[in-house]
Amino acid sequence: MRPTVSLHNVSKIYGKGRSAVCALSGVTLDIMPREVVGIVGPSGSGKTTLLTLAGLVEPPTSGRIHLGAATVITAATRDGRLRALRRQHIGFIFQKANLADFLTATENVALAGIVQGIQAATARRRAQDLLALLDLAERLNHYPSQLSGGEQQRVSLARSLMGSPSLLLADEPTAALDAGRRDQIMAVLQIMAKQQGVAMCIVTHDPRTLQYCDRAVAIADGRLVSDPPIGLGASAGAQSA
Ligand SMILES: Nc1ncnc2c1ncn2[C@@H]1O[C@H](COP(=O)(O)OP(=O)(O)OP(=O)(O)O)[C@@H](O)[C@H]1O
Ligand SMILES: [Mg+2]
């Protein structure tokens, strides 16, 4: 089986000259279909940067990113191409739900489909199905201000699944949630990974969230480190470049 995404010796430098920051250095990582990979590391170690590159938000400064069999992204890849690939293949979830206040739950989710070219009525139906799947059938016409934090996060998850992504990237998706909601979100992510073949990469500080991951990768000072943090268990693995 081919990885959904492969990072090959990828580095990212922000800025130039004396203000340059090397946020990632020589990172090599494969994420397979159905695999849920946890990313751990201290603040400023490069976790969000790793998601930004794997999610094709920005190109690497050096190295290559392979998406599926045929697509290779390098420093020379143009923004327009990144954007098109991102829309087609990638979903994101963030710590904050980032919903549009003036749209209902259904509209927030449907909009993500309409942006991707899905016809409005179809997008609306699919949005309602996804929200029902996430236990929000009773909240379809609620505005974000009328939803709890956990409910908003589930709307955000439905939105990220709207385009049927092959790769789902999550930056601290459970940080703002209580234990029950965290378990609910992680259980849904695990089902999406195993049933739909979605590859997932989840940044987290929470050992309980890591329990839902197939393996954990530790990052320090922009490099993958071979020793996973204590408590991740024998299945935790990491690669160094
Ligand atoms: N757009 C940017 N411009 C300049 N430097 C940046 C930029 N984004 C990140 N950095 C720097 O790159 C390094 C890695 O940042 P990153 O956001 O990836 O860390 P992180 O591991 O996600 O941290 P946290 O746990 O605090 O979210 C940090 O030193 C940060 O200051
Ligand atoms: Mg971060």
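Preceding this paragraph is the structure being described.
Keep in mind that what you see is a predicted model, and the values were worked out from it rather than measured.

What counts and what doesn't
Residues numbered from 1 in each chain as written. Chains lettered and ligands numbered in written order. Predicted model: local features only at pLDDT ≥ 70, side-chain atom pairs only at ≥ 80, totals over all residues. Heavy atoms only, no water. Buried < 20%, exposed > 50% of the residue type's maximum accessible area, 1.4 Å probe, protein only. Helix = DSSP H or I, 4+ residues; strand = E, 2+ residues; numbered from the N terminus. Pairing = 2+ DSSP bridges. Near = heavy atom within 4 Å. Polar contact = N/O pair within 3.5 Å; in protein donor to acceptor, adjacent residues only side chain to side chain. Nonpolar A, V, L, I, M, F, W, Y, C, P; charged D, E, K, R; others polar. Patch = residues over 30% accessible without salt bridge, like charges linked within 9 Å, V, L, I, M, F, W, Y side chains within 5 Å. Areas by Shrake-Rupley, 256 points an atom, 1.4 Å probe, with all protein chains shown as cover. Salt bridge = Lys/Arg side-chain N within 4 Å of Asp/Glu carboxyl O. Disulfide = S-S within 2.5 Å.

Asker: In this structure, what is going on with the pairing of strand E8 (residues 199-203)? I would like to understand it.
Answerer: Working note: regular strand, side chains alternate between the two faces of the sheet. In terms of burial, E8 is largely enclosed, as 5 of its 5 residues are buried. Here E8 shows two buried faces, one formed by Ala199, Cys201 and Val203 and the other by Met200 and Ile202. Pairing geometry for strand E3 (residues 36-40) and E8, over 4 bridges, is parallel. Among the inter-strand pairings, Gly38 is bridged to a residue of E8, identified as Ile202.

Asker: Just checking my understanding: could you explain the site of ligand 1 for this structure?
Answerer: The immediate surroundings of ligand 1 are formed by Tyr14, Val21, Ala23, Pro42, Ser43, Gly44, Ser45, Gly46, Lys47, Thr48 and Thr49. With respect to ligand 1, the side chain of Lys47 contributes an N or O atom lying 2.7 Å from an oxygen atom. Measuring from an oxygen atom of ligand 1, one finds a side-chain N or O atom of Thr49 at 2.6 Å. Going through the elements one at a time, strand E2 (21-31) and helix H1 (47-54) are the ones with two or more residues in the shell around ligand 1. It is H1 that contributes the most residues to the shell around ligand 1, 3 residues altogether. Tallied by class, residues from the shell around ligand 1 come to 4 nonpolar, 6 polar and 1 charged.

Asker: Quick question: what am I supposed to make of a nonpolar patch on the surface here?
Answerer: Taken together, Leu111, Ile114 and Val115 make up a surface patch of nonpolar side chains, about 240 Å² in accessible area. Along the chain, Ile114 falls in helix H3 (residues 105-115).

Asker: Help me out: how do you make sense of the environment of Arg125 in this one?
Answerer: Assignment of secondary structure puts Arg125 in helix H4 (residues 120-133). Put simply, Arg125 and Thr209 are 84 residues apart on the chain and 31 Å apart in space, counted from C-alpha to C-alpha.

Asker: Explain the state of the cysteines to me, please; I cannot follow it from the model alone.
Answerer: Under the criterion given, the structure shown has 0 disulfides. Cys22 forms no disulfide, and the closest cysteine sulfur to it belongs to Cys201, at a distance of 19 Å. Sulfur of Cys213: no disulfide; nearest cysteine sulfur belongs to Cys201 and is 8.8 Å away. Judged by relative accessible area, which is 11%, Cys213 ranks as buried.

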